[in-house]
Amino acid sequence: MKRQSTILRLLFFGTIFSILLAACNYQATTENELENLKNNLFKKTTDISELPIYADPPSLDYEDVKKGIFLFQIDSIEREKIKKYRNELEPFIIQRIDSGYSWVYLAAYLHYESAVPKIKDRLLKCDKFYGWEGGDYQKIERYLDDEQYCYQMAYISAIEYITGKPILKAITLTDHENSYLKNKADKCIECDEDALAFCWARWLLEKLTKK
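The rules behind each value
Residues numbered from 1 in each chain as written. Predicted model: local features only at pLDDT ≥ 70, side-chain atom pairs only at ≥ 80, totals over all residues. Heavy atoms only, no water. Buried < 20%, exposed > 50% of the residue type's maximum accessible area, 1.4 Å probe, protein only. Helix = DSSP H or I, 4+ residues; strand = E, 2+ residues; numbered from the N terminus. Contact = heavy atoms within 4.5 Å. Polar contact = N/O pair within 3.5 Å; in protein donor to acceptor, adjacent residues only side chain to side chain. Patch = residues over 30% accessible without salt bridge, like charges linked within 9 Å, V, L, I, M, F, W, Y side chains within 5 Å. Areas by Shrake-Rupley, 256 points an atom, 1.4 Å probe, with all protein chains shown as cover. Salt bridge = Lys/Arg side-chain N within 4 Å of Asp/Glu carboxyl O. Lys, Arg positive; Asp, Glu negative; His and termini not counted. Charge placed at Lys NZ, Arg CZ, Asp CG, Glu CD. Disulfide = S-S within 2.5 Å.

Caption draft 1: Representation of helix 5 (residues 101-109) within the structure. Most of helix 5 sits out of view: nine of its nine residues are buried. Taken together, the buried positions of helix 5 are Y101, S102, W103, V104, Y105, L106, A107, A108 and Y109. Trailing helix 5 by a residue or two, H111 shows a phi angle of about 55°, which is positive.

Caption draft 2: Geometry of the environment of E113. Structurally, the position occupied by E113 is in the loop between helix 5 and helix 6 (116-125). Linking E113 and I159, residues 46 residues apart in sequence, is a C-alpha distance of 8.8 Å. Filtering out sequence-adjacent residues up to four positions away, E113 remains in contact with I162 and T163.

Caption draft 3: Seen up close, the side chain of Q152. By the secondary structure assignment, Q152 is in helix 7 (residues 150-163). Of note is the side chain of Q152, whose polar atom sits 3.0 Å from the backbone oxygen of K128. Apart from residues no more than four positions distant in its own chain, Q152 is found in contact with L123, C126, D127, K128, W200 and W203.

Caption draft 4: Representation of a negative patch on the surface. Side chains of E190, D192, E193 and D194 sit close together on the surface and give a patch of like negative charge. Looking at the secondary structure, you find E190 in the loop between helix 9 (175-185) and helix 10 (193-209).

Caption draft 5: Expanded view of the state of the cysteines. The tally for this structure, following the rule as stated, stands at one disulfide. The disulfide that involves C188 links it to C199, with 1.9 Å between the sulfurs. Because the sign of the S-S torsion sets the handedness, a value of about 85° for the bond joining C188 and C199 places this disulfide among the right-handed ones. Of the two residues, C188 is situated in the loop between helix 9 and helix 10 and C199 in helix 10; the sequence distance between them amounts to eleven residues. By relative accessible area, which is 1% here, C188 ends up buried. Judged by relative accessible area, C199 falls into the buried class, the value being 0%. Free of any disulfide, C126 has its nearest neighbouring cysteine sulfur in C150, separated by 8.6 Å. Assessed through its relative accessible area of 6%, C126 is described here as buried.

The values are spatial; any link to function lies outside them.
If you want it as structure tokens, here you go:
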């Protein structure tokens, strides 16, 4: 009877040891997998083909983002890992939003609500004017076409995809932000250098406030 009790205790502790060992091995494997993913995803590179998502707003790819279509440059295995560790990767991806549209699109793909304020900030500071050929640039309306603001449209599409709302409902301008845009927008009245300097603000203000 004593021997039987001893055997049972050994079996019990052996089972506990196996469970603990398996848990440690799983944790180590998970940590290694995440670390390898971070190293691959966030490595320093100047080659845009090594970024997670192809992003080129002048190609109007933001229209695809609106529909949840993303042109990945990583394989499906890597994408599944990104989804698996979306919470762990979140602060690192948010941190890189300033460095390129690939990260903006990736934040949108992963539906990071925390990215919206950062993307909004980028949108309000984006004064780029693309300047498509064609159209009558003697008319101020040509400076207010959506296609001229493809970089801003990329930010807008990302915000709309994350929130599931049109931009008018997705974000709200503070009084300071509204005044900042209005002061610039009011100078967009002539088809001269001021059109390039200020019409982006008029266009954006209409996008964010026009009902």
